[in-house]
Amino acid sequence: MSEPASISTGIAKRYATAIFEIAKENKDLAGLETGINDLSAALSESADLREVISSPLISRADQQAAITAVADKMSLHPIMRNTLALMAQKRRLFVLPQLIKVLREMLADERGEVTAEVASAKALTKTQLEKLSKTLSERVGKDVTINATVDESLIGGLVVKVGSQMIDSSIRSKLNSLQNAMKEVG
């Protein structure tokens, strides 16, 4: 089942909101976070689990039995276990990766945190990461967690994405801008 990303995200947001609100009501956000971290690790490590959640060839009943068994084995929170079973009944397990992402964002927002995606030409040092985190925290008014990646095609500089904002100070983008300006002149 291949759904457009916006539809998958919309479905994931509805389930995530319900799960988050119930966990918040029960004052068990920490347990929810542990469960989604465990589930995320299981998804990244197990090709079989990824197959179970995405294959249209596996029946609803088999998907439900498999995901319930996984949830029981992992001792997932009952809210999460029941939601996964419901998602299997409704053929919605394919949105599980988006569900995990949305739940992580909701938990971070609840704590007053935001995650910044940072790409750099070379790996940043611990000092550089701390300084960048502090600068971004001052700018957005929340604690910033940095998810750093290396992209050698940037040549130098950084590309920073915080929420819907993007700051591109890479040499690659500056060269592209210069190239475009020269095309307009000549």
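Cut-off values and rules
- Residues numbered from 1 in each chain as written.
- Predicted model: local features only at pLDDT ≥ 70, side-chain atom pairs only at ≥ 80, totals over all residues.
- Heavy atoms only, no water.
- Helix = DSSP H or I, 4+ residues; strand = E, 2+ residues; numbered from the N terminus.
- Buried < 20%, exposed > 50% of the residue type's maximum accessible area, 1.4 Å probe, protein only.
- Contact = heavy atoms within 4.5 Å.
- Areas by Shrake-Rupley, 256 points an atom, 1.4 Å probe, with all protein chains shown as cover.
- Lys, Arg positive; Asp, Glu negative; His and termini not counted.
- Charge placed at Lys NZ, Arg CZ, Asp CG, Glu CD.
- Core = buried A, V, L, I, M, F, W, Y, C linked by side-chain atoms within 4.5 Å.
- Patch = residues over 30% accessible without salt bridge, like charges linked within 9 Å, V, L, I, M, F, W, Y side chains within 5 Å.
- Salt bridge = Lys/Arg side-chain N within 4 Å of Asp/Glu carboxyl O.
- Pairing = 2+ DSSP bridges.
- Right-handed = clockwise from strand over helix to strand, strands pointing away.
- Polar contact = N/O pair within 3.5 Å; in protein donor to acceptor, adjacent residues only side chain to side chain.
- Axes fitted to C-alpha atoms, helices over the stretch in contact; angles between N-to-C directions.

**Q** Let's hear about the overall build of the protein chain: which residues, and what values?
**A** The secondary structure content of the protein chain amounts to 8 helices and 4 strands. When the helices and strands of the protein chain are placed in sequence order, the string is α-α-α-α-α-α-β-α-β-β-β-α. Reported as C-alpha extents along the three principal axes, the dimensions of the protein chain are approximately 65 × 40 × 25 Å. In the protein chain, buried positions account for 32% of the 186 residues. Partitioning the intrachain contacts of the protein chain with sequence separation of at least 6 by distance along the chain shows that 67% fall at a separation of at least 24. Surface exposure of the protein chain reaches about 11,400 Å², of which carbon and sulfur atoms provide 53%. For the protein chain, the distance from the average site of its 24 positive side-chain charges to the average site of its 23 negative ones is 3 Å.

**Q** Now, about the nonpolar core: what can you tell me, with residues and values included?
**A** Nonpolar side chains tend to gather and get buried jointly when the protein is soluble and globular. Counting residues in each nonpolar core, the largest one holds 32 residues, and the members touching the most others are Leu32, Met80, Leu84, Leu96, Leu99 and Leu103. For this core, the leading source of residues is helix H1 (residues 5–25), giving 7 residues. The residues contacting Leu103, other than those within four sequence positions of it, are Ala16, Ile19, Phe20, Leu32, Ile36 and Met80. The next biggest cluster of nonpolar side chains, apart from the first, holds 8 residues, and it includes Leu132, Val144, Val160 and Val162.

**Q** I'd love a proper account of the environment of Ile36, names of residues and values included.
**A** For Ile36, the position within the fold is in helix H2 (residues 29–45). For Ile36, a relative accessible area of 0% gives the class buried. The spatial distance from the C-alpha of Ile36 to the C-alpha of Val144 is 20 Å, given a sequence separation of 108 residues. Excluding anything up to four places from it in sequence, Ile36 contacts Met80, Ile100, Leu103, Arg104 and Leu107.

**Q** Any details on a positive patch on the surface? Residues and values, ideally.
**A** Residues Arg14, Arg60, Lys90 and Arg92 make up a contiguous surface patch of positive charge. As for its position among the elements, Lys90 is in the loop between helix H5 (78–89) and helix H6 (96–110).

**Q** Break down the pairing of strand S1 (residues 113–120) for me, citing the residues and quoting the values.
**A** Moving residue by residue along a regular strand, the side chains alternate between the two faces of the sheet. Pairing of S1 with strand S2 (residues 143–150) involves 8 bridges; the strand directions are parallel. What sits directly across from Val114, in S2, is Val144. Chirality of the crossover, the property in question, places the unit of S1, helix H7 (residues 126–140) and S2 among those that are right-handed. Summarising the sheet, S1 and strand S3 (residues 158–162) pair through 5 bridges and their orientation is antiparallel. If you follow Ala119 over to S3, its bridge partner there is Val159.

**Q** Outline the side chain of Ser120, supporting the account with residue identities and numerical values.
**A** Secondary-structure assignment places Ser120 in strand S1. Among the polar contacts made by the side chain of Ser120, one reaches the main-chain carbonyl oxygen of Lys122 at a distance of 2.6 Å. In this structure Ser120 touches Thr149, Val150, Asp151, Leu154, Gly157 and Leu158, once residues within four positions along its chain are discounted.

**Q** Describe the pattern of salt bridges, and please don't skip the residues or the numbers.
**A** The tally for this structure, following the rule as stated, stands at 7 salt bridges. Notably, a salt bridge pairs Glu105 with Lys101, separated by 3.6 Å at the nearest N-O pair. Of this pair, Glu105 and Lys101 both sit in helix H6, 4 residues apart, roughly one helical turn. Relative accessible area serves as the criterion here: at 43%, Glu105 is assigned to the partly exposed category. Arg111 is the salt-bridge partner of Glu113, the closest N and O atoms lying 3.2 Å from each other.

**Q** Hey, could you go over the sheet that holds S1 for me, with residue numbers and the actual values?
**A** Hydrogen bonds between backbone atoms are what pair the strands of a sheet, whose relative direction is either parallel or antiparallel. As summarised here, the arrangement of the 4 strands in space is S2-S1-S3-S4, forming an open sheet in which the pairing is mixed. Only two strands of the sheet have a single neighbouring strand rather than two, namely S2 and strand S4 (165–168). Averaged over all pairs of adjacent strands, the angle between strand axes in this sheet comes to 20°, irrespective of strand direction. In this fold H7 packs onto S1, S2, S3 and S4, with an angle of close to 135° to the strand it touches most, S2.

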